[in-house]
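Descriptive analysis of the structure
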Amino acid sequence: MVELKTDTSIDAMYEAGQVVGRALTAVRKAADVGVSLLELDEVAHEVLREAGATSPFLGYRPSFAPTPFPAVLCASVNDAIVHGVPTRYRLRDGDLVSMDFGAELGGWVGDSALSFTVGTPREADLRLIEAAERALDAGIAAAVVGNRIGDIAHAIGTVCRSAGYGIPDGFGGHGIGRRMHEDPGVPNEGRPGRGMKLRHGMVLAIEPMVIGGGTDGYHADLDGWTLRTNDGSRAAHAEHTVAITDAGPRVLTARAD
């Protein structure tokens with residue numbers, strides 16, 4: 001069931017979203033050659049502590065997961081698409097990093113992700129990241145009252161496919177509010193004019209994921225969490241929490257950077 005949020009609730013979700021934005025900004029600034037993923041997780045954790053917020057990621061255990069998630073930050077590097085578990089791995093020159101982060105504040109949740117390169121970038125990686133961001137922008141632009149979920153999915157998929165990239169099947173965005181994952185699901189590919197009609201008060205986490213090799217295949221890593229591309233190609237991920245309003249889409253996790 002989809003819960004429509006009041007304007008007051010959306011304002012409260014914006015406050016949670018700003019904690020998310022600050023954390024991702026801090027993580028991106030701290031990410032450098034030689035810095036470990038666990039150290040970046042601690043940077044994000046410190047932002048939560050300073051804000052008096054908690055993590056919807058830490059201890060989360062969906063049905064597919066063998067263990068509860070052990071961190072506040074998802075850190076996916078190179079061929080990892082999403083759900084990367086922070087480890088002692090130290091970033092290397094040229095790594096492509098995707099960071100996904102959530103915060104719960106005052107009973108409301110925000111969720112966002114960004115991708116970036118460390119050190120000397122590869123041109124192919126920059127194009128991949130740019131496509132993920134363009135797909136996110138297209139999905140947000142389609143998130144207007146009167147449109148349907150399929151319009152968002154179609155907008156995202158069109159950008160990714162036209163650039164020659166793959167889209168991991170079965171993964172996409174979701175409703176969000178009191179809980180991190182709520183109805184409805186928001187696919188990253190679909191047909192326009194199909195699915196649930198968008199209404200004022202719906203809040204969605206819109207999150208394109210793109211695979212550089214052009215295939216859609218992926219597999220779970222040995223940790224049971226990290227999804228990796230089957231062909232070893234690199235992947236990028238972009239996400240914002242977005243409220244559907246009569247005045248247009250409102251991005252609740254916008255970053256100052």
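To start, this report covers the structure provided alongside it. (Residues numbered from 1 in each chain as written. Predicted model: local features only at pLDDT ≥ 70, side-chain atom pairs only at ≥ 80, totals over all residues. Heavy atoms only, no water.)

1. A look at the overall build of the protein
Convention followed: A run of H or I in DSSP becomes a helix once it reaches four residues, and a run of E becomes a strand once it reaches two; helices and strands are each numbered from the N terminus. We take the radius of gyration over the C-alpha atoms and set the globule estimate at 2.2 Å times the residue count to the 0.38 power. Each residue is assigned to one of three classes by its accessible area relative to the maximum for its type, calculated with a 1.4 Å probe on protein chains only: buried under 20%, partly exposed between the two thresholds, exposed over 50%. Contacts are residue-level and defined by heavy atoms, with any inter-residue pair within 4.5 Å sufficient. Here the open area of atoms and residues is found with the Shrake-Rupley method and a 1.4 Å probe, where only the protein chains shown may cover a residue.
The helix and strand inventory of the protein stands at four helices and 13 strands. The C-alpha atoms of the protein give 17 Å as radius of gyration, which agrees with the globular expectation for 257 residues (18 Å, within 12%). Considered along the principal axes of its C-alpha atoms, the protein spans approximately 45 × 40 × 35 Å. With 257 residues in all, the protein has 52% of them scored as buried. Across the protein, every contact between residues at least 6 apart in sequence was considered, and the portion connecting residues at least 24 apart equals 71%. When the accessible surface of the protein is summed, it comes to about 10,700 Å², and 51% of that surface belongs to carbon and sulfur atoms.

2. Overview of unusual backbone geometry
The omega torsion across Asp-183 and Pro-184 is 0°, close enough to zero to call that bond cis. Structurally, the position occupied by Pro-184 is in strand β6 (residues 182-186). A positive phi angle is found at Asn-78, which is not glycine, with a value near 60°. On the secondary structure map, Asn-78 appears in the loop between β1 (73-77) and β2 (80-82). According to the relative accessible area criterion, Asn-78 is buried, its value standing at 16%. The phi angle at His-83 is positive, at roughly 65°, despite the residue not being glycine. Checked against the element boundaries, His-83 lands in the loop between β2 and β3 (96-105).

3. Quick word on the layout of surface pockets
Convention followed: The rule is simple: put a 1 Å grid over the protein atoms alone, call a set of points where a 1.4 Å probe fits but cannot get out a cavity, call an open set with protein on both sides within 12 Å along at least five of seven lines a pocket, and count a residue as lining if it has an atom within 4 Å of a point. Grid points are joined across faces, edges and corners, and a volume is the space filled by probe spheres set on the points. Classification convention: Asp, Glu, Lys, Arg as charged; Ala, Val, Leu, Ile, Met, Phe, Trp, Tyr, Cys, Pro as nonpolar; all other residues, Gly among them, as polar.
Reported here for the largest pocket is a volume of approximately 450 Å³. Lining the largest pocket are 23 residues, and of these Tyr-60, Phe-64, His-83, His-174 and His-181 lie nearest its centre. Here the residues of the lining of the largest pocket sort into eleven nonpolar, eight polar and four charged. Roughly 190 Å³ of volume is contained in the second largest pocket. Taken together, 14 residues line the second largest pocket, and the ones lying closest to its centre are Leu-37, Val-77, Val-85, Thr-87 and Arg-228. Among the elements that line the lining of the second largest pocket, the one with the most residues is β1, at three residues.

4. Description of the packing of aromatic side chains
As a reminder, the rule being used: Planes of paired rings set the category: under 30 degrees apart is stacked, over 60 is edge-to-face and the rest tilted, where pairs are Phe, Tyr or Trp rings (Trp by its six-membered ring) whose centres lie within 6.5 Å.
All told, the structure shown has three aromatic pairs when counted by the stated rule. Each ring, one from Phe-64 and one from Trp-225, has its centre 5.5 Å from the other, and the planes form 70°; the classification is edge-to-face. A residue pair is termed long-range when its members are at least 10 positions apart, and Phe-64 in the loop between α2 (37-51) and β1 and Trp-225 in the loop between β9 (218-220) and β10 (227-229) qualify at 161 residues. Overall, the relative accessible area of 45% leaves Phe-64 in the partly exposed class. Aromatic side chains Phe-69 and Trp-225 sit 5.0 Å apart centroid to centroid with 75° between the ring planes, which places their arrangement in the edge-to-face category. One end of the pair, Phe-69, is in the loop between α2 and β1; the other, Trp-225, is in the loop between β9 and β10, and 156 residues separate them in sequence. With relative accessibility at 5%, the residue Trp-225 sits in the buried group.

5. Focus: the pairing of β3
Our working rule: Two strands make a pair as long as DSSP finds a minimum of two bridges between them.
In terms of burial, β3 is largely enclosed, as eight of its ten residues are buried. Bridging between β1 and β3 involves five bridges; their strand directions are antiparallel. Its bridge partner lying in β3, Ser-76 is registered against Ser-98. In sequence, β3 turns back onto strand β4 (residues 108-117) through a hairpin of two residues, with Gly-106 there showing a positive phi of about 60°.

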